[in-house]
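Structural characterization, general
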Amino acid sequence: MKSKDDKLWELAEARVKFKGHLSTYLVVNLFLWALWYFSGNYNAEHENVFLPWPAWVSLGWGIGVLLNFVGVYINNSFTSIDREYQKLKQK
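Residues numbered from 1 in each chain as written. Predicted model: local features only at pLDDT ≥ 70, side-chain atom pairs only at ≥ 80, totals over all residues. Heavy atoms only, no water.

1. Regarding the overall build of the chain
A count of helices and strands for the chain gives three helices and zero strands. Taken from the N to the C terminus, the helices and strands of the chain come in the order α-α-α. Looking at the 91 residues of the chain, the share that counts as buried comes to 16%. Expressed as a percentage of contacts within the chain between residues at least 6 apart in sequence, the contacts between residues at least 24 apart total 73%. (Helix = DSSP H or I, 4+ residues; strand = E, 2+ residues; numbered from the N terminus. Buried < 20%, exposed > 50% of the residue type's maximum accessible area, 1.4 Å probe, protein only. Contact = heavy atoms within 4.5 Å.)

2. Describing the packing of helix α1 (residues 4–38) against helix α2 (residues 53–74)
Direction vectors running N to C along α1 and α2 enclose 170 degrees, while the axes themselves pass 10 Å from each other. Accordingly, the angle class assigned to the pair α1 and α2 is roughly antiparallel. For the contact of α1 with α2, the per-class residue count stands at 19 nonpolar, seven polar and two charged. (Axes fitted to C-alpha atoms, helices over the stretch in contact; angles between N-to-C directions. Parallel < 35°, antiparallel > 145°, perpendicular 65-115°, else oblique. Nonpolar A, V, L, I, M, F, W, Y, C, P; charged D, E, K, R; others polar.)

3. Some thoughts on the side chain of Ser58
Relative to the helices and strands, Ser58 resides in helix α2. The residues contacting Ser58, other than those within four sequence positions of it, are Tyr25, Asn29 and Trp33.

4. Structural notes on the side chain of Asn29
Inspection of the secondary structure assignment puts Asn29 in helix α1. Contact partners of Asn29, with chain neighbours within four places excluded, come to Pro54, Val57, Ser58 and Trp61.

5. As for the environment of Val16
Mapping Val16 onto the fold places it in helix α1. Classification of Val16 by relative accessible area gives exposed; the value is 57%. Taking the C-alpha atoms as reference points, Val16 and Val72, separated by 56 residues in sequence, lie 9.7 Å from one another.

6. What about α1?
For α1, built from 35 residues, the straight-helix expectation of 51 Å at 1.5 Å per residue is met to within 8% by its first-to-last C-alpha distance of 51 Å. Of all the positions in α1, only Leu11, Phe18, Tyr25, Asn29, Leu32 and Trp36 are classed as buried. Note on α1: the residue one or two positions beyond its end, Gly40, has a positive phi of about 85 degrees. (Expected span 1.5 Å × (residues − 1).)

Written as structure tokens, this is what we have:
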């Protein structure tokens, strides 16, 4: 069984990795949107396009970033296990 310090270390590592993932997402998407904008693809001649092409990258990758956030900050197993342990201990 892992000690509480080991679990906290793993949680800290997961949060640092998430911050790196988020930073990469932001930088790459900023570059893609700038590339789209400065290439002139925002002109009226492409009015019939539903979404600009960088939107597909942003949406798809954004879902992954969101799920990563939920797993690390909201639904991490350390706090779930700790809460369950405290409930069982009180009974």
